[in-house]
Structures are given as structure tokens and as C-alpha cells.
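Residue-level listing of the chains:
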Amino acid sequence: MTAIEVQGLEREFKGGVKAVQGIDLAVGEGEIYAFLGPNGAGKTTTVRMLTTLLRPTGGRALVAGHDVAKEAAAVRRQIGVALQEAALDPLMSGHELMRLQATLHGLPRAEGRRRADALVERVGLGYAKDRRVGTYSGGMRRRLDLGMALVHEPRVLFLDEPTTGLDPSSRAAIWDEVRRLNDEGTTVFLTTQYLEEADQLADRVGIIDDGRMAIEGTPAALKAQVGQPHLDVCLTDGANDHAEGVLARFGEVRPGIEGVHFQVTLAGGAGDIAPVVRALDEAGLAVAQLNLVNPTLDDVFLAETGRHLEGDQDTGEVAALSLESG
Amino acid sequence: MSALALELSTIGVLMRRALNEILRVPGAAIPGILAPSLFMLGLTGAFGALTELTGFSTESYISFILPVSLMQAAGFAGAATGVNTVRDIELGWFDRLYLAPTPRPALLAGIVLSAGFRALLPMTAVLAIGLLLGAHWPGVPGLLIAILLALTFSAVSASWTVGLALRFRTQAAAPLMQASMFIAVLFTTSYAPLELLTGWLQTVASINPVTQVVEGVRQGFVEGVSFAGTWPALVVLAVLLGLTFAFALRGLATTGR
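All residue numbers refer to positions counted from 1 along the written sequence of the respective chain. All chains are assigned letters beginning with A, and all ligands numbers beginning with 1, in the order in which they are written. Residue-level local features of this predicted model are given only where pLDDT is at least 70; pairs of side-chain atoms are given and counted only at 80 or more, and the full residue set underlies all totals for whole chains, interfaces and linings. Derived side-chain values reflect all non-hydrogen atoms in the structure, with water molecules and hydrogen atoms excluded from consideration.

All right, on to the sheet that holds strand β6 (residues 79–82) of chain A then. Residue and element names in this part refer to chain A. Pairing between strands is defined by DSSP: at least two bridges between the two strands are required. Strands here mean DSSP runs of E at least two residues long; helices mean DSSP runs of H or I at least four residues long; both are numbered from the N terminus. What the 6 strands build is an open sheet, ordered β6-β7-β8-β3-β9-β10; its pairing is mixed. The sheet terminates laterally at β6 and β10 (212–217), the two strands that pair on one side only. Direction aside, the axes of adjacent strands within the sheet are offset by 15 degrees on average. Examined bridge by bridge, β6 and strand β7 (residues 156–160) share 4 bridges and lie parallel to one another. Looking at β7, one finds that Ile-79 is bridged to Val-156. Between two residues, a contact is recorded if the distance between any of their heavy atoms is within 4.5 Å. Under this scheme, a helix contributes an axis fitted over its contacting stretch, all axes are lines through C-alpha atoms, and angles between N-to-C directions fall in the 0 to 180 degree range. Sitting on the sheet, helix α1 (residues 43–50) is in contact with β3 (32–36), β7, β8 (187–192) and β9 (204–209), with an inclination near 150 degrees to β8.

See the structure below:
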């Protein structure tokens, strides 16, 4: 069953700025879908349309089976939303805000209080629930915002850059909670600039650029499209004349700097690492450093658009293995 | 939860939030008390002798001007609701309200009625200062009518300024919100009876519907309440509230278009 179905979605702002230009996508029930793209690509505009905050100027979007333009109230009953800036009243306590959210979503008072009690504990804010939100850290505010989005037990959860600006431990806490929610059956649509976030969380990734869907698929499939993993081989100084020949047995070789650094595409994947090491050893070549480099979603974006994703805080490559000797 | 219960709960929860703001940041009410109080004291000092002119229905200028200060206090409290709405839009809080499945009129009613809470504090302060400085006691009916009319005026002001907030969506619109309320009250019979006004001000005051409201609030302080002195104010306020509420509701409905 489809939780989100989008066909030719468009949004043109006054002045002719086309932020979203005909997006098609479908998100299955119980899926985590990451919408990845650089700043200004159209991620937030798309989320605002899917959550009824912004009216599409073209195309059609169904969320939980309801048209976002024609059945906005029905959509709102089925979705939970945590937007980029956690919009929280600093004068209210976490628990008061939870109860306010419960009331806004039509829960009876006793039920709202029960859910608020449970959710502040679930997002790890039980110890601070009676403190004013103005005293919360950024991570606490995001967790509260996430909890508030869950108060009416939505079918589909939209998270707009849920971990932007958070420290690694707060980011990990949000990821854990997203996984737990998904395990319980909630469909999650999240936007992010972080490759690692999409890689870690998403069943499928859609990459948007300049308002258009650049590419879509599972992280593994997308990366496989870009190519095989390659091995960065750094040899110790010395007679390395025959190194290129040895490495060429395993795949395409790109010689690097000063005759000590080589890149070899592993035709046999990661399973070729041990044979490469043995071959180099048998050829009397001493390895200073060996890194297995897997293709990343940034490589996928680069291959599709010719540009790197901005705002990414990762290193740009996933080093699955790093061997150093000497 | 039934639809009516949901709407009432929404209104209640938004009014409670406004009450929170008043109780947790009491200092924010000071400008709303100071401005109309200083206006009342200053005008009484400068123009107190005007009541010796034929045409004034009272010999006490502070009794004449106190109702205007009550209206200003109510109008500015309503305008503060508009300014706060812009702040909520800019901070993203308004998105939270907009994402709720609650009917839009209930959301708006909660915001508009919360202006009443904001108005009560400055109105009480202005009334106390005026009475302490010698304004006539209007009697319980006169006081209740004055409070009812002024609070309704604050709701009109809130609806108008929330409508502006939803259209401009920026704090830059705040002066327009405050100025429109100031002008609406000023260009009436606020300083002197209609017969004593001259030129364009007399013309404007005679067609400005807020004049009826000022006279309705004022009646108990200067000559006693009557049905004839009350119903024009009620009709004007009902019409203004209907128009401004529709204006704000239209702004809410077109949000995101």
C-alpha cells in the first residue's frame, strides 16, 4: 500500500521562481524514505506541500490516501510533522506543549495527558518535562518536537532535516527513535543534507536537485550504479616499478603521486582485498596504508549532477577498512 | 471528541497560552498600561478646562477622557495579538497551529479571544488610575457596559491586526497594526463632543463608526447608561467584528497559496 504518492508536483512562487518542477515519487506504507539534496534544492518546499502548509501550483499528491490540496483536513489527521526549526513556545514547559498539541489534535483531556506523560518519557525528557522550553538545548528541543509530532499516533511522519545542527549524540538519539517508530509501523519521510543520515536510516533515497528528482532507489542500488569499491594503496618508498602490473590483475589501476600511491577498482568487490595484500607481499612490495573506499551517495549525486552535495558534514567517502603497516 | 468540543478545547488552549504569556512575562504589559495612562494624564492636564465650554456633558475632563484611554488600552492589546501572530509566523509556531486538523474559525477565535486576556490588565490599571484621580464612578451597569464594549473592541482590533499579520507575515507590519488602532480611536469624539469639533475632524468623527463605540463606553462616566446610548455601539461592534473576523479568516484560508 502507498503512504505517499506524488505525480508531477510543482510549486511556482510569485516572481516565477519554480522551487519544485514536476516531482514524481511513491513511498510505501512502513517505509523510511529520505529526500536528499543540497540547500535550495526544493526539499522543504516539497515537504510543505505534502503536509498541506503550501498549496501545489501543479501536479497531485496523495498522503495517506488523501489529496493534499482537496482534503487537507483529512491529511492533517493522518500526519505528524517536525519541521526544520523546532517551533516551540519558550514560555511553556515540555509537558504543557505536549498537552497543547494533544488538544489541537482533538484528544480528550485525560487521553492527552496520558499520551503527553508517555511521550515525554519516550523521547527522554521526563526529567525536564516541567521546565520551560526556553531552557532546553537544541537536541532537547528537537526531541520534544519529535514527541509532539507523535502525540496523535500519525500514520505518516514527516521530518524536515531533523538533525541539522545537532551534536553526534543527539543525532544518534533521533536516529534511534526514528528506527523505533518505523519498527512500530510508522511511515517516515525525512529530508536531510547528511549522506550518512540517509544511508543509515532510509530504505529508499530520492535525490532532488534544482526542484527535480535527480535519481531514486535504495542506497545500495544507487551506490552500485556509480561503480565498484576501490582500494587506495599507499606503498613505502622504494622500487615500485612493477606495482601497477601487480594491481592490474584485480581491476583498473590509476597511478597516483610519486609512484607510491595507487587506486585500483576492485572487480571482485571487498573480497579482493586479501588477494591484493598477498599479491603485493609476494611481489616484495611493502604496504604503508590500505583503504577500501566505497561509493557514497555524494558520488551518486556527483555522477547525476556533476556537483557535490553542499552542507554535508561527512568526509565524502566511507572508509570501510583502513589498514596501516610499518 | 465531538466537533464542538474540539473547537471549544482549541479556543480554551489558545486562550490559556495567552494567559501564560501574561503571567510569565508580566513586564510585557507595562507599555500597554503606560501609554493610555500617560495619554489620559497628559490630556487632562492640558485640556481640563475644556469642560467649561458649552456642549460638554460633564465638568470632569478625566471622566470624559478615561473611556478613550480604556478604548486605547483595549485597542493596543488587540494590536499586540496581531504583532504576536507575526512573531509566531516568523518563528514557525503558526505552522503548528495550521497543521492541526481543527476548523480554522476555532483557531482564529482562540487567537482573537485571547486578546481579551491581554486587554484586561491594562484596562484595569487605567480604570483604577482614572478613578483614583477623580473620574466619576460609572455605576455597576455603566462599568459592565464599558468593559463589554472595550473588550469587544479589543477583539475587533485583534481580528483586524491578525488579518494584517497573515497577509504581511513580517514584523515590519507592526507599526501599521498599532497606527490603525490609534487612528481609529483618535479620529472620533475622543477629545471633545462632536458639536465642538470643526472642519475635517468633525466630518471624519461623524462618519467614523468607532465614535459610536467611544460614546457607548463613555456614557456611564458622564451621564448614565441607557439603551439608546448602548445599542449603536453594539451594532457597530458586531458589524466590525464580523468584517474583521472574515478578513482574518480569509487570510488564514489563503495561507500557503
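Read on, since the account is not over.
When the parts of a complex come together, some accessible area is lost, and that lost area is often used as the size of the interface. Facing the 31 residues of chain A at the interface are 26 residues of chain B. Values labelled buried area give the accessible surface lost by two parts on being combined, using a 1.4 Å probe and summing over both. Of the roughly 2500 Å² buried between chain A and chain B, counting both surfaces, carbon and sulfur atoms make up 60%. Should a side-chain nitrogen of Lys or Arg be within 4 Å of a carboxyl oxygen of Asp or Glu, the pair is scored as a salt bridge. Across the contact surface, chain A and chain B share 4 salt bridges. Residue Asp-145 of chain A is joined to Arg-96 of chain B by a salt bridge in which the shortest nitrogen-to-oxygen separation is 2.8 Å. In the analysis that follows, any N or O atom pair within 3.5 Å is treated as a polar contact, provided that within protein one partner can donate a hydrogen and the other can accept it, and provided that, for residues neighboring in sequence, both atoms belong to side chains. Where chain A touches chain B, the interface holds 9 residue pairs in polar contact (both at pLDDT 80 or more). Only α2 (72–78), α3 (94–104) and α5 (138–149) of chain A provide two or more residues apiece to the side of chain A that touches chain B. A per-element tally of the side of chain A that touches chain B places α3 of chain A first, with 6 residues.

What follows concerns the packing of aromatic side chains. All names here are of chain B. Only rings of Phe, Tyr and Trp enter the pairing, Trp through its six-membered ring, and a pair is recorded when the two centres are within 6.5 Å. The plane angle decides the type: under 30 degrees is stacked, over 60 is edge-to-face, the rest tilted. Taken as a whole and assessed by the stated rule, the structure comprises 11 aromatic pairs over all chains. Between Trp-160 and Phe-247, the ring centres sit 5.0 Å apart and the planes meet at 25 degrees, which makes this aromatic pair stacked. One end of the pair, Trp-160, is in helix α6 (residues 139–168); the other, Phe-247, is in helix α10 (residues 227–253), and 87 residues separate them in sequence. Judged by its relative accessible area of 30%, Trp-160 falls in the partly exposed class. Buried, partly exposed and exposed residues are distinguished by accessible area as a fraction of the type maximum, computed with a 1.4 Å probe on protein chains only: under 20%, between the cut-offs, and over 50%, respectively. Its relative accessible area of 22% is what places Phe-247 among the partly exposed residues. Over a ring means this: the NZ of a Lys or the CZ of an Arg is within 6 Å of the ring centre and within 35 degrees of the ring normal. Here Arg-104 stacks its cationic end above the ring of Tyr-98, 4.9 Å away from the centre of that ring. The positively charged end of Arg-218 is found above the aromatic ring belonging to Phe-64, 3.5 Å away from the centroid.

Residues and elements named next belong to chain A. Listing the buried residues of helix α10 (residues 273–282) in full gives Ile-273, Val-276, Ala-279 and Leu-280. For α10, the angular spread of the buried residues around the axis is 130 degrees, confining them to a single face. Away from its buried face by more than 90 degrees, α10 exposes Arg-278, Asp-281 and Glu-282. In the segment just after α10, Gly-284 is the residue with positive phi, at about 75 degrees. Comment: arc refers to directions from the helix axis out to C-beta atoms.

Residues and elements named next belong to chain A. Where α3 meets α5, the closest approach of the two axes is 9 Å, and the angle between their N-to-C directions is 25 degrees. Considering their axes alone, α3 and α5 lie roughly parallel with respect to each other. Crossing geometry of α3 relative to α5 is assigned as right-handed. Between α3 and α5, the residues in contact are Gly-94, Leu-97, Met-98 and Gln-101 and Leu-144, Gly-147 and Met-148, respectively. For the contact of α3 with α5, the residue count by class is 4 nonpolar, 3 polar and no charged. Geometric relationships in this document are graded by angle, where less than 35 degrees denotes roughly parallel, more than 145 denotes roughly antiparallel, 65 to 115 denotes roughly perpendicular, and other angles denote oblique. Put simply, a crossing is left-handed when the front helix is turned counterclockwise from the back one by less than a right angle, and right-handed when it is turned clockwise. In this classification, the charged set is Asp, Glu, Lys and Arg, the nonpolar set is Ala, Val, Leu, Ile, Met, Phe, Trp, Tyr, Cys and Pro, and all remaining amino acids, among them Gly, are polar.

Turning next to the pattern of salt bridges. Considering all chains together, one arrives at 23 salt bridges over all chains under this definition. Ionic pairing is found between Glu-177 of chain A and Arg-122 of chain A, a salt bridge with its closest N-O pair at 2.5 Å. Of this pair, Glu-177 of chain A sits in helix α6 (residues 168–183) while Arg-122 of chain A sits in helix α4 (residues 109–122), and the two are 55 residues apart along the sequence. A relative accessible area of 5% places Glu-177 of chain A in the buried class. Classification of Arg-122 of chain A as partly exposed rests on a relative accessible area of 25%. Residue Arg-179 of chain A pairs with Asp-176 of chain A through a salt bridge whose shortest N-O separation is 3.3 Å. With a gap of 3 residues between them, Arg-179 of chain A and Asp-176 of chain A both fall in helix α6, about one helical turn apart. Given the relative accessible area of 46%, Asp-176 of chain A is considered partly exposed. If you follow the salt bridges from partner to partner, you end up with Asp-89 of chain A together with Arg-17, Glu-21, Arg-87, Asp-88 and Arg-118 of chain B in one network.

Let's shift gears to the nonpolar core. As used in this record, nonpolar core signifies buried Ala, Val, Leu, Ile, Met, Phe, Trp, Tyr and Cys residues forming a set joined through side-chain atoms within 4.5 Å. Counting residues in each nonpolar core, the largest one holds 98 residues, and the members touching the most others are Ile-4, Val-63, Phe-158 and Phe-189 of chain A. Aside from chain neighbours lying at most four places away, what touches Phe-189 of chain A is Ile-4, Leu-25, Val-27, Tyr-33, Phe-35, Val-47, Leu-50, Leu-157, Phe-158 and Leu-159 of chain A. Ranked by size, the runner-up nonpolar core spans 44 residues in total, among them Ala-146, Ala-150, Val-185 and Leu-237 of chain B.

Next up on the list: the sheet that holds strand β1 (residues 2–12) of chain A. What links the strands of a sheet is backbone hydrogen bonding, and the strands pair in either a parallel or an antiparallel sense. All names here are of chain A. Here we have 4 strands laid out as an open sheet, ordered β2-β1-β4-β5, and antiparallel in their pairing. Here the strands that pair on one side only, and so sit at the sheet edges, are β2 (18–28) and β5 (66–67). Two elements, β1 and β2, share 8 bridges in a ladder whose sense is antiparallel. The residue bridging Glu-12 from the neighbouring strand is Lys-18, located in β2. On the sheet, α1 packs against β1, β2 and β4 (58–63) and is oriented at approximately 120 degrees with respect to β1.

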